[in-house]
Structure formats: C-alpha cells, structure tokens
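This is what each chain is made of:
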Amino acid sequence: MLDLVPGSEEDGHSERSELALQVRLRAGEIVEHLDFMTPRYRDVLLQTIMIAADLEIMTLPAYYGALVNAPSFNDRIAVASAIQDEMGHAQVMYSLLEDFGVDTHDYLFIRDPQKFRSFQLIEQDIDDYIKCVTMMMLGDRAGRVTTMDLEEHCSYGPYARSLRKVNFEERFHVLHGEHWVKHFWNHSAETRKRVQDAVDAYFPMAAAWFGVPDHMKKRTDQILYRIRGLSNDELRQKWLAEVVPFCTSVGIKVPAHFDTDKSSYVLDYQEPILFDYETGKWDFTQVTWDEKFRQWKKGGPIKQPGLQRLQNESWGDALW
C-alpha cells in the first residue's frame, strides 16, 4: 500500500490532485511544467531552489578576502574562476525562480540580507588562499554531495538537468581544493598548521551542512515528492565517506572515524555544539538545539556586511 499524504486543502478536487501526483511521483514520473504541480509540491520545490540560490550567491562575499589576498596572480585567477562558477550557478537558480514568477532583481538586491537562507559554513570570512582551498575540499564537497543527489533524484526535470554543469564544475573545485591542500600540507610546518587550523574550524560546519539528524527532521516533503533522494544523515554519511579517507591519507586530523561495529562513519563529538567566534574554535561541550538554532539564525560574520556590499554593487574597483 502506498503511504500517501493528503494535501492540506479542504477542497476535494485539490486533495485528489495531490494524491494523484504523489502516486505518479512514486511511479517515477518526471514533472516538466509548472501546470502539472500541486500547490504543495510547488512550494517545496520553490523553497529548495531559493535556498540553493542563496547558498551560491554567498560565495562572493565569503571568498572576497581570498581573492584580494591571493599570494600570486595565478592563485587570484583560480579564486576568481571559482567565484565566477558559483555566480553562474546562482544565475541558473535565478532563471528557474523566474519561471515561478519570482522578481529576481528584488530577490537579490532589495531583500533584507538577514532573510537570505544560507548556512554557517559559507558565512565565514575566507580571507586567504589556504582557507579557500580547504573550504573547497570540505565545503564544495558538501555542496556537491547535495546537488548530485538533486541531479540524480529530483522529480522536476528542468532543475535536475540544470545541475549537470553545476556538478561538473563543483567536482573541479573539490579536486582543486584537494590538490592544494596536499601541497600546503607538505610545503612547510607553517602552511601545514594553517591547513589544520582551517580544517579544525570548517569540518564541523561542513558536517552540519546537511541539517539536523534524521530523527529531528519534522518536514519530509522533499523526500515525499522526490525533490531529494537521500535523507540528511544519508547525505552526511556520503560526505564523511569521501572526506575522512582523503584527510587520513594526507595526515590531516579530523573529528570523525569509521566505526566498524556500526559499519559507518561517525563524528567524534555529540551535536549540538557551538563555534566560539571570539577564539575561532569550537566549544565541544554539548548545548541545546535551541542554542544551536540561535547561532545559525544569527549568521556568520560575513553574512550581513557581505550581502549589503553585494547589494550596493561596491565590488568592481577593489577586485583587481
């Protein structure tokens, strides 16, 4: 028996349409046009694309410091190329949003920066090249795990197809990050420490990219509608299965390991934990989820000023 979830509309026709769509999605149908969506499906899909757009656009303020502080012209070109890719990914998302009737100019340039829904990891001031390539190794990998799942499983055809180019470029970012992380790890004691310090700061943020543990997840509509194929914990496990072996092979210490009894990767700390922005380190003392949510909602140090600067278009003269 299909475990169907009726829509919230009281109108019988709307409810029948909702259940019929769920049956078709369970059978593997791909939605190609907005006319074939129910209001509930449309809302879940729209919110997913909006968050993706916000995450992509946050790369510019986050990577700005790495761009202007890059140690060589070639390094600056590499950072600029990564930013250009991410802005292209944002443009893909904005194009999709326009299909839903969203005024993307107002959405980007007029909206209150505090209403942008990005994640803690990408709200940091990534102000040097070593931090940047470490972020690519950890953060771009987290983003790619998410978007690969969307490309493979999303029931909205235009969104899934739009992610082919996105995922190709994200793979390049991950490989670029891995290459230079290895280089700096082996370059000198000073650069090795900087790599480890960046991993210490970013690893728990990247692990949290995928959201709360599955047992806390209240809304499962993304899975119900085949917007996503994997749960938060399943996505996190895929990320850990890639990043932990890589870091171990290089010699980088990470707070996670493979548990043979569980046959899975596990974190060496118990969420929720808080990042201390004054010391730049994690307090691994377990706190409440309400405290964790407050830190996430407040946003990282680059979110508000970075988005305000982006909205005021005050970037051009300083970039080169």
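Note that the structure is a prediction, hence the values are computed from the model and not measured. (Residues numbered from 1 in each chain as written. Predicted model: local features only at pLDDT ≥ 70, side-chain atom pairs only at ≥ 80, totals over all residues. Heavy atoms only, no water.)

(A) Region of the structure containing a negative patch on the surface. Together, Glu98, Asp99, Asp103 and Asp106 line one region of the surface with negative charge. With respect to the helices, strands and loops of the structure, Asp99 is situated in helix α4 (residues 73–99). (Patch = residues over 30% accessible without salt bridge, like charges linked within 9 Å, V, L, I, M, F, W, Y side chains within 5 Å. Areas by Shrake-Rupley, 256 points an atom, 1.4 Å probe, with all protein chains shown as cover. Salt bridge = Lys/Arg side-chain N within 4 Å of Asp/Glu carboxyl O. Lys, Arg positive; Asp, Glu negative; His and termini not counted. Charge placed at Lys NZ, Arg CZ, Asp CG, Glu CD. Helix = DSSP H or I, 4+ residues; strand = E, 2+ residues; numbered from the N terminus.)

(B) Broad picture of the nonpolar core. Of all hydrophobic cores here, the largest spans 92 residues; its most connected members are Tyr41, Leu45, Tyr156, Tyr159, Phe203 and Trp239. For this core, the leading source of residues is helix α6 (residues 129–153), giving eleven residues. Leave out the neighbours within four places in its chain, and Leu45 touches Met37, Phe100, Cys154, Tyr156, Tyr159 and Ile227. (Core = buried A, V, L, I, M, F, W, Y, C linked by side-chain atoms within 4.5 Å. Buried < 20%, exposed > 50% of the residue type's maximum accessible area, 1.4 Å probe, protein only. Contact = heavy atoms within 4.5 Å.)

(C) The arrangement of the pattern of salt bridges in detail. For the coordinates displayed, the defined rule picks out 14 salt bridges. Residue Glu271 is joined to Lys292 by a salt bridge in which the shortest nitrogen-to-oxygen separation is 3.6 Å. You can see Glu271 sitting in the loop between β2 (264–267) and β3 (274–276) and its partner Lys292 sitting in helix α11 (residues 289–298), a full 21 residues away along the chain. Here Glu271 and Lys292 have matching classes, each one buried. In this structure, a network of salt bridges that share partners links the residues Asp128, Glu190 and Arg194.

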